[in-house]
Structures are given as C-alpha cells and as structure tokens.
Amino acid sequence: MLLKKAPEKLTLDSFNLVTCCDQRFWNAAAKLLENPKIMRWVLAGALSPEQAQNELQQWQKQWQKYGYGNYFVTDKQGEWLLGFVKIYNSDRSPFAQLGYAVDTPYQGRGLGTKFANAAINIAFEILNQPQLSAYARVQNHPSRRILEKVGFRCNNDNLLIDNRDYCQYSLTQERYFQMLAIRQAS
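Residues numbered from 1 in each chain as written. Predicted model: local features only at pLDDT ≥ 70, side-chain atom pairs only at ≥ 80, totals over all residues. Heavy atoms only, no water.

**Structural notes on the pattern of salt bridges**
Going through the model one piece at a time under the given rule, you end up with 3 salt bridges. With its nearest N and O atoms 2.6 Å apart, the salt bridge here joins aspartate 22 to arginine 24. With a closest N to O distance of 2.9 Å, aspartate 165 and arginine 137 form a salt bridge. On the criterion of sequence distance, the pair formed by aspartate 165 in strand E8 (residues 164–172) and arginine 137 in strand E6 (residues 131–137) is long-range, its members being 28 residues apart. On the accessibility criterion, aspartate 165 (30% relative accessible area) is partly exposed. By relative accessible area, which is 15% here, arginine 137 ends up buried. (Salt bridge = Lys/Arg side-chain N within 4 Å of Asp/Glu carboxyl O. Helix = DSSP H or I, 4+ residues; strand = E, 2+ residues; numbered from the N terminus. Buried < 20%, exposed > 50% of the residue type's maximum accessible area, 1.4 Å probe, protein only.)

Right, dumping it as structure tokens:
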C-alpha cells in the first residue's frame, strides 16, 4: 500500500521533471541508455536497444509499485531530454536509492547537482524516506563530487558489484533537514 506518492510532474527553475511513464521521451531516453559515454558509469554499461526498452519498462513498473521512480528531466519547454534522475529500490540497500545521468551535451553545467537536489527534496519532503543510498563508480569523480556536494557521506569506497568497483553513499533525512536549516539561516 502506498502511503505517499511522488508528483508525476514538477516544474523547477531550470528544468521539468516528468515521470518515465511519459512515452514522448522514450526514444530519447533509450538513446541515452544506449550511449557508452554516459552509461559507462551507470548500470553495467551501455544497453542494446532491446535492453534499453526493457529498462524503461522496469522504470514504469517501479512507479506502479511504489508511487515513485525515474523522472525524465526536460528543458523548461518540455521539448528536450536533458537526462534522468531516479529514486528507486533495489536489493543493494534497504533504503530507497538515488541515481542520475546527464546527457553529454548538457554535462559540466551543474545540472547533475540540480537533478540530485530535486530528487532528494522529493524523497525526504514528499515521500518521507528515512534515508537514501547512492552508488558511484570509484573512478567517476564528477558523480562522487555531486553526491558529496548535496550532503551524502561515503560509507564504503571499496565495494564490488557485478565485477565493477563502487563507492556506497548515504544521506539521512535528519542530516538533510539539518543542512536545509543551516542554508536557510545563512
């Protein structure tokens, strides 16, 4: 039974979040999932077209089961896919997890941090999650910086998952609200 449900669409200052159930962006999302430059850090690498479609279907099932999941991140006009951000569940952690990817043309503009902050806000302020976990490849220094910038702490920097080296991060709701109070006071 769902206690709280994430919004299906959010309009933020510099982008929109729409659920992965919005089929208008499936082709662009599939291309992102097939892109080796982006996916070398996500999942087990670039997906085949068939695997990408299967992954998108799994994202839809996550929404149906939990009332939250992957968002497509679009530009303000809702025309271009910038990337995705996700609050999801897996057997790696008892807590909901955070993930994100920024499409290649939009990297280096601070969007990863903005995507992560938007998902964290949804997870803690709307869904009332007690804690979030996140995983970043050891060599993915930009993603690790993003996680640390938004408040995550590294719990393990020597974790092997599917023969790939990861760092495991966590952020508690309590720490999130403490950081928020400090920001608002300054």
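**Quick look at helix H4 (residues 111–126)**
Here H4 spans 21 Å end to end across 16 residues, near enough to the 22 Å set by a 1.5 Å rise per residue. Along H4, the positions that sit buried rather than exposed are Leu111, Gly112, Thr113, Phe115, Ala116, Ala118, Ala119, Ile120, Ile122, Ala123 and Phe124. (Expected span 1.5 Å × (residues − 1).)

**Quick notes on the pairing of strand E3 (residues 70–74)**
Among the 5 residues in E3, 5 count as buried, and that is most of the element. Side chains Asn70, Phe72 and Thr74 of E3 all project onto a buried face; the interleaved residues Tyr71 and Val73 project onto the opposite face, where all are buried too. Two elements, strand E2 (residues 16–19) and E3, share 4 bridges in a ladder whose sense is antiparallel. By the bridge assignment for E3, valine 18 is matched with phenylalanine 72. Bridging between E3 and strand E4 (residues 81–88) involves 5 bridges; their strand directions are antiparallel. What sits directly across from phenylalanine 72, in E4, is phenylalanine 84. In textbook terms, the turn of a hairpin is the stretch between consecutive antiparallel strands, and for E3 and E4 this stretch comprises 6 residues, one of which, glycine 78, has a positive phi near 70°. (Pairing = 2+ DSSP bridges.)

**Some details on the nonpolar core**
Residues Phe72, Val85, Ile87, Leu98, Ile120 and Phe152 are the most contacted members of the largest nonpolar core, which totals 58 residues. Examining the composition of this core, we find that 9 residues originate from one element, H4, more than from any other. Among all residues touching valine 85, those that are not within four sequence positions of it are Leu17, Gly69, Asn70, Tyr71, Val73, Leu98, Gly99, Tyr100, Phe115 and Ala119. (Core = buried A, V, L, I, M, F, W, Y, C linked by side-chain atoms within 4.5 Å. Contact = heavy atoms within 4.5 Å.)

**Concerning the packing of aromatic side chains**
Under the counting rule described, the total for this entry stands at 8 aromatic pairs. Residues tryptophan 63 and tyrosine 71 carry aromatic rings whose centres are separated by 5.4 Å and whose planes lie at 85° to one another, so their mutual orientation is edge-to-face. On the basis of relative accessible area, tryptophan 63 is assigned to the buried category, the value being 5%. Here the aromatic cluster, defined as three or more aromatic residues joined through ring pairs, consists of Phe25, Trp59, Phe72 and Phe84. Its end group placed over the ring of tyrosine 135, arginine 92 keeps NZ or CZ at 4.6 Å from the ring centre. The ring of tyrosine 166 carries the charged tip of arginine 137 above its face, separated from the ring centre by 5.7 Å. (Phe/Tyr/Trp six-rings, centres within 6.5 Å; stacked < 30°, edge-to-face > 60°. Lys NZ or Arg CZ within 6 Å of the ring centre and 35° of its normal.)

**Some details on the environment of tyrosine 166**
Examined against the element boundaries, tyrosine 166 turns out to sit in strand E8. Along the chain, tyrosine 166 and isoleucine 182 lie 16 residues apart, while their C-alpha atoms are 30 Å from each other.

**Structural notes on the side chain of arginine 144**
Assignment of secondary structure puts arginine 144 in helix H5 (residues 141–149). No salt bridge is formed by the buried arginine 144. Its closest oppositely charged neighbour is glutamate 148, at 4.7 Å. Among residues more than four places away in sequence, those in contact with arginine 144 are Ala136, Arg137, Val138, Asp157, Cys167 and Tyr169. (Lys, Arg positive; Asp, Glu negative; His and termini not counted.)

By themselves, these are just geometric observations and shouldn't be taken as functional.
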